[in-house]
Amino acid sequence: MSETILEYYRKQGISTEHGVDEDWDKHIKRRKKLYRQLGIPVLAIKGSSILEIGPGGGHNTLPMLTEWEAAHVDLAEPNETARKELEEKFQNNCVPKDKYTIYSDALEEYQTSLKYDIVIAEGFLHAQKNWRKCLHTLSGLTHENSIVIVTCTDEISVYVEKMKRAVLRFLVKDVEGHKDKIEALKHIMEPQLGSLRGMSRSVEDWIEDQIFMPHAEEYMTIGKAIEYYENDFDVLV
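In short, a report on the structure. Bear in mind that the values here come from a model prediction, so they are computed numbers and not experimental data.

## A few points about a nonpolar patch on the surface
- Together, I156, Y159, V160 and M163 make up an exposed nonpolar region whose accessible area comes to about 440 Å².
- With respect to the element layout, M163 can be found in helix α6 (residues 155-171).
- You can call M163 partly exposed: its relative accessible area is 42%.

Here it is in structure tokens:
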């Protein structure tokens, strides 16, 4: 059986949702603009109950608690390294403990009678082998007026990323050690990624996720996600 995303993260002892070192106000504006493009003004976050699946180190979670006044955020994060980073980040930013709860469950294991105002699965679901089952689970955590936010991909970028992954893995096939492979590819990719406007994560994190993280053979594309949810939700892309 091939390695799952969670098994890969645990094996390498990593969490890849850190963000790059940047001005905090810049990060807030970036996230606010993203939600606005999704048709979700940050006013919708104020007073809302939120579930975030796989938040990593919480870099993208923090604004909802410190800036946009979410009522409460539940975080389902099965990766031990990420849970430690979450706790440290929230403590360092003086987030009251009654504003969040961290669970060690994966989405497939998470059980609750709660129905959330907003459910978020960002940055990983498109590459899950069981993404259809995950979408079904997410919809069961919502009420009539809930918002579900998921990251998809598209057919063209899937092809490009598969080719890029194959080439870069081949270039370091003789390099021993996972970290050494990351370092070798960093020297190759840093000039390109470092020049991208709006790059919100480190080169190392990008390589960990895009090149070495296990990916499903069938991706959750935008079209497939719309087809799955079109009878249950109004879809905004």
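We are not done yet, so read on.
## Examining the environment of K115
- Mapping K115 onto the fold places it in the loop between β3 (100-103) and β4 (116-121).
- Taking the C-alpha atoms as reference points, K115 and L141, 26 residues apart in sequence, are found 4.9 Å from one another.
- If we skip the residues at most four places from it in the chain, K115 touches S49, G140, L141, T142 and H143.

## Section: the packing of aromatic side chains
- In total, this model carries six aromatic pairs according to the counting rule given.
- Taken together, a centroid distance of 5.9 Å and an interplanar angle of 85 degrees make the contact between Y35 and W68 edge-to-face. Taken together, the residues Y35 in helix α2 (residues 24-37) and W68 in the loop between α3 (62-66) and β2 (72-76) connect sequence positions 33 residues apart.
- Ring geometry for Y228 and Y229: centres 5.7 Å apart, planes at 70 degrees, overall edge-to-face.
- The class for Y229 is buried, based on a relative accessible area of 6%.
- Joined through ring pairs, the aromatic side chains of Y228, Y229 and F233 make up one cluster.

## Examining the pattern of salt bridges
- Evaluated as defined, the whole model comprises eight salt bridges.
- E80 is paired through a salt bridge with R10; the nearest N and O atoms lie 3.4 Å apart. With E80 in helix α4 (residues 80-92) and R10 in helix α1 (residues 5-12), the pair connects residues that are 70 residues apart, well separated along the chain.
- In this structure E80 comes out as partly exposed when scored by relative accessible area, which is 40%.

## Overview of unusual backbone geometry
- Positive phi, close to 60 degrees, is recorded for E69, a residue that is not glycine.
- As for its placement among the helices and strands, E69 is situated in the loop between α3 and β2.
- Positive phi outside glycine occurs at C94, with the angle close to 55 degrees.
- Looking at where C94 falls in the secondary structure, it is placed in the loop between α4 and β3.

Basis of the calculations
Residues numbered from 1 in each chain as written. Predicted model: local features only at pLDDT ≥ 70, side-chain atom pairs only at ≥ 80, totals over all residues. Heavy atoms only, no water. Patch = residues over 30% accessible without salt bridge, like charges linked within 9 Å, V, L, I, M, F, W, Y side chains within 5 Å. Areas by Shrake-Rupley, 256 points an atom, 1.4 Å probe, with all protein chains shown as cover. Salt bridge = Lys/Arg side-chain N within 4 Å of Asp/Glu carboxyl O. Helix = DSSP H or I, 4+ residues; strand = E, 2+ residues; numbered from the N terminus. Buried < 20%, exposed > 50% of the residue type's maximum accessible area, 1.4 Å probe, protein only. Contact = heavy atoms within 4.5 Å. Phe/Tyr/Trp six-rings, centres within 6.5 Å; stacked < 30°, edge-to-face > 60°.

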